[in-house]
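Each chain is listed here by its residues.
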Amino acid sequence: MKALAALTKNEFRLFFRSTSSVFYVLFFSSILLLIFGGMLGNKPMAQLGGYGMVDVEIPSFMMIVILITGVVTFPVDVSMAREKKILKRFMATPISPFQILFSQFIVNFVMSMAGAFLLVVVGKIVFNANFYGNTWTMVMAYIVTAISTYSIGLMVASISPNSKAATVIGNFIYLPMIFLTGAVYPIQLMPPVMKNIAKVIPFTYGVDLLNGGWFGSKIGDFTVDFIVLAIVFIVGTGISLFTFKWE
Amino acid sequence: MVIKVENLVKRYKNITAVNNVSFSVEEGEIFGLLGPNGAGKTTTIECIEGLRKPDSGNVEVLGLNPLKDRKRLYNMIGVQLQETSYQDKIKVWEICQLFSTLYSKTLSYELLLKDFGLYEKKDSYISKLSGGQKQAVSIVLALIPDPKIVFLDEITTGLDPQARRNVWEMIKKLKKKGKTVFMTTHYMEEAENLCDRICFIKSGKIRALGTVSELIKASNLQLKVVFKANDLNVDELNKIENVESVKKDGERYIVYGKNEEIVKDVMNYLTGKKIEFREFSIVKPNLEDVYLNIVKEPLEVEK
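Residues numbered from 1 in each chain as written. Chains lettered and ligands numbered in written order. Predicted model: local features only at pLDDT ≥ 70, side-chain atom pairs only at ≥ 80, totals over all residues. Heavy atoms only, no water.

Q: Would you explain the overall build of chain A in this entry?
A: When you go through chain A residue by residue, the secondary structure sums to 10 helices and zero strands. Each helix and strand of chain A, ordered N terminal to C terminal, gives the series α-α-α-α-α-α-α-α-α-α. Computed over its C-alpha atoms, the radius of gyration of chain A comes to 18 Å, within 12% of the 18 Å expected for a compact globule of 247 residues. Dimensions of chain A, computed from the C-alpha atoms along their principal axes, are close to 60 × 35 × 30 Å. For chain A, the proportion of its 247 residues judged to be buried stands at 55%. Across chain A, every contact between residues at least 6 apart in sequence was considered, and the portion connecting residues at least 24 apart equals 78%. Charge-centre separation for chain A: the mean point of 16 positive side chains lies 10 Å from the mean point of 9 negative side chains. (Helix = DSSP H or I, 4+ residues; strand = E, 2+ residues; numbered from the N terminus. Rg over C-alpha atoms; globule rule 2.2 N^0.38 Å. Buried < 20%, exposed > 50% of the residue type's maximum accessible area, 1.4 Å probe, protein only. Contact = heavy atoms within 4.5 Å. Lys, Arg positive; Asp, Glu negative; His and termini not counted. Charge placed at Lys NZ, Arg CZ, Asp CG, Glu CD.)

Dropping the structure here:
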C-alpha cells in the first residue's frame, strides 16, 4: 500500500506537470459547454423532452471526459511507461508492476471525475442547469461507464507497439465516438440514419447511462446499458490480458 | 559464491540467444560479461535478474531462484537496465524517494546522491541531466535497497570518454563498499580497467573466462618489440635468441618474442652492432588482442 500510495502521488505530480493533460482532462469539456451553451442557451426544448440544451449536454459531455482519459491519456501513459522501460525497471523491484498500471488508472480516473465535476459547476453557475437525479446514482453511472471505457483503453495500450501508436489509436477511437454516440450532440436531434449508427456503438450506452443518472431515470430502465458496458469490459480486459506486454 | 548459472539456455523464436552458459560469481568481485552487440549479454544478465524466464538451465542468486523468490531477491539486489529512461518531468529527488518506498529497508538517498556527486542536482528534472548524470541516478536507484549485488547492463554505452571514466570510478566505489558487481560491456578498456574476472561470450556461448592476466596467458599471444631503423638484416634479427618472428614494414620492424627476454636480446643486438634505431617500444598483448584472437571480429572502439 505504501508503494501504491507513493506511485499514485507521483503520477498525480506528473499529471499536473503536463499542460496538455490538464487542459484536455480538466477544462476541455467545460469550455465546450460554455461554447454550446452560449450558442444554444438552456431553454426547454420539445425535441429534448422539455429539457434545456445545457441540461442534456452536461451528462453527455461527461462521456467526452471519460473517453479522453479512458482511451487517450490512460493508454498513452501506460505505453509511455512501457516504451521508456519504466515498467520493466519496476519489475526489478519487490512490488508488483500491476501497481504502476493501477496508479495510472487511479490518476486518470480521479482527474476525469474532477473534470466532470467542473463541468457540472460551470453548468450550474453559468447556465443555471438543472440536475434531476440522485447524486449517488449519478456517481455510480459515471463509475460503471468509466470502468468499461478504461478497459478499452487498456486494450489500446496492449495492442500499441509504442506511445505514438497509442496516441493515434486512442484518438482514432475517441474523435468519431464523441460525435457518433451523442456525447457532443444529442441523439434525439439526429436524423434516423445517425440514430441507427449510434445504436451499434457500445459507448452510446455509456452516454445513455450517464443521461439516465442525470435525469433520475429508474435503474431498471438501463438493463441494456449495463449489459452492453459489461460486455465491453469483458472484451477489453480479456484482450488486454492476452496481449499486454510489460516491455 | 553469490551467483550460480548452470547450462542456461534462452531462445527467441528460432534464435538461440544464450546457448548452454555456465559460470559462477564470487562475493565482492567485479564480474564482466564481455562480447559484441547481439552476443547474448543482456539476455544472460536479465535471466539472472529474473526478468526473463530461461528455456532451460539453472540460475541461483544469493541462494534464491530469481523467478520464484523475486520479492526477497529484489530486496537484496540492485539493478540498472540497459536503455531505461525515466519520466521526463520527474525530479531526481522524487524518483529517489519513490524508489525508497518500494523496499523493506533502504539507505538514505540523500547520502547516496552526495556520494555520487548528484546532491546539487536533486531538484533537477531527470531530462535535464547529462548522460553521465543519468547513469549516476541509475546507480543511486540500484543502491537504495543496500543490495549485496549490483547489476549494470552496458552502463557506459553512449557516454563520452570523461563521463565514462567518472562512471568507472563509481563502479570502483561499489567494490570498495563490498558489493559484488555483475556488469556487461562491449568496451575492452572498461573490462580491463574494472573487472576482476571476465567472461567472453559470442553468439550465446562462452569463449573464454578468467582474470585479465589468465586470459592473456591462455591465449598464447606474444610480446612485441617495435622500432624504426634504416638498414637492418632481417635474417640476423630472426636468429636472435627468443625471437619467434620478424615483420618489416618500411623502416619499421616488429619483432615477436617468446618471452620478455627478447627486449634485452634485441637491445643488445642493436647496440652491439651500433645500429641506429628510434621509437623503440615494447608492446604487451592486451585484452583486445585476446578478444580479437578469440572472436576474430573487431569490437566497437572507443570514439
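On we go.
Q: Looking at this structure, I do not really get the packing of helix α1 (residues 2-16) of chain A against helix α5 (residues 98-127) of chain A. What am I missing?
A: If you want to describe how two helices pack, look at the angle between their axes and the distance between the axes. Residue and element names in this part refer to chain A. It is the contact of α1 with α5, at a shortest axis distance of 9 Å, that shows an interaxial angle of 50°. Classed by the angle they form, the pair α1 and α5 counts as oblique. Considering the relative orientation of α1 and α5, their crossing is right-handed. Contacts between α1 and α5 pair Ala3, Leu4, Leu7, Thr8, Glu11, Phe12, Phe15 and Phe16 from the former with Gln99, Ile100, Phe102, Ser103, Gln104, Ile106, Val107, Val110 and Met111 from the latter. In terms of residue class, the contact of α1 with α5 is made up of 12 nonpolar, four polar and one charged. (Axes fitted to C-alpha atoms, helices over the stretch in contact; angles between N-to-C directions. Parallel < 35°, antiparallel > 145°, perpendicular 65-115°, else oblique. Left-handed = near helix turned anticlockwise from the far one by under 90°. Nonpolar A, V, L, I, M, F, W, Y, C, P; charged D, E, K, R; others polar.)

Q: Sorry if this is basic, but what is going on with the side chain of Thr184(B) here?
A: All names here are of chain B. With respect to the helices and strands, the residue Thr184 is situated in strand β7 (residues 180-185). Assessed through its relative accessible area of 0%, Thr184 is described here as buried. Separated by 2.5 Å, the side chains of Thr184 and Asp153 make a polar contact. With sequence-adjacent residues up to four places away left out, Thr184 is seen in contact with Leu33, Lys41, Ile45, Leu152, Asp153, Glu154 and Ile155. (Polar contact = N/O pair within 3.5 Å; in protein donor to acceptor, adjacent residues only side chain to side chain.)

Q: What is the right way to look at the nonpolar core in this model?
A: Generally speaking, a soluble globular protein has its nonpolar side chains buried in company with each other. All names here are of chain A. The biggest cluster of nonpolar side chains holds 124 residues, and the ones touching the most others in it are Met62 and Ile64. For this core, the leading source of residues is helix α3 (residues 53-83), giving 18 residues. Residue contacts for Ile64: discarding those within four places in its chain leaves Phe28, Leu32, Tyr174, Ile178, Ala183 and Val184. (Core = buried A, V, L, I, M, F, W, Y, C linked by side-chain atoms within 4.5 Å.)

Q: Whenever I open this one, the environment of Met177(A) confuses me. Can you help?
A: All names here are of chain A. Considering the arrangement of structural elements, one finds Met177 in helix α7 (residues 163-180). Look at Met177 and you get buried, because its relative accessible area is 15%. When the C-alpha atoms of Met177 and Leu67 are compared, they prove to be 8.3 Å apart, with 110 residues separating the residues in sequence.

Q: So what exactly am I meant to see when it comes to the interface of chain B and chain A here?
A: Where interface size is quoted, it is often the accessible area lost as the parts come together. In this assembly, 30 residues from chain B lie in contact with 24 residues from chain A. Across the chain B/chain A interface, buried area totals approximately 2500 Å², and carbon plus sulfur atoms make up 54% of it. The largest contributions to the chain B side of the interface with chain A come from Gln87(B), Leu98(B) and Leu102(B), which together make up 21% of the buried area. Summed over the shared surface of chain B and chain A, the result is six salt bridges. Among the salt bridges present, the one from Glu94(B) reaches Arg13(A), with a minimum N-O distance of 3.5 Å. Within the residue set of the side of chain B that touches chain A, elements represented by two or more residues are α2 (70-74), α3 (92-100) and α5 (131-143) of chain B. (Buried area = accessible area lost by both parts, 1.4 Å probe. Salt bridge = Lys/Arg side-chain N within 4 Å of Asp/Glu carboxyl O.)

Q: Please clarify how the sheet that holds strand β10 (residues 223-229) of chain B should be interpreted in this entry.
A: Adjacent strands of a sheet form backbone hydrogen bonds with each other and so pair up, either parallel or antiparallel. Residues and elements named next belong to chain B. Pairing is antiparallel across the open sheet formed by four strands, whose spatial order is β11-β12-β10-β13. Lying at the two open borders of the sheet, with one neighbouring strand each, are β11 (243-249) and β13 (277-283). Adjacent strand axes in the sheet meet at a mean angle of 15°, parallel and antiparallel pairs treated alike. Where β10 lies against strand β12 (residues 252-257), six bridges are found, and the strand directions are antiparallel. When the sheet's bridge partners are listed, Lys228 is paired in β12 with Arg252. (Pairing = 2+ DSSP bridges.)

Q: Quick question: what am I supposed to make of the packing of aromatic side chains here?
A: To describe a pair of aromatic rings, one takes the distance between the centres and the angle between the planes. Counting across every chain of the model gives 28 aromatic pairs over all chains. Put simply, the rings of Phe74(A), Phe102(A), Phe105(A), Phe109(A), Tyr142(A) and Tyr150(A) touch in pairs and so form one group of aromatic residues. Its end group placed over the ring of Tyr119(B), Lys114(B) keeps NZ or CZ at 4.7 Å from the ring centre. For the cation-ring pair, Arg164(B) lies above Tyr187(B), with the distance from its terminal atom to the ring centre recorded as 3.9 Å. (Phe/Tyr/Trp six-rings, centres within 6.5 Å; stacked < 30°, edge-to-face > 60°. Lys NZ or Arg CZ within 6 Å of the ring centre and 35° of its normal.)

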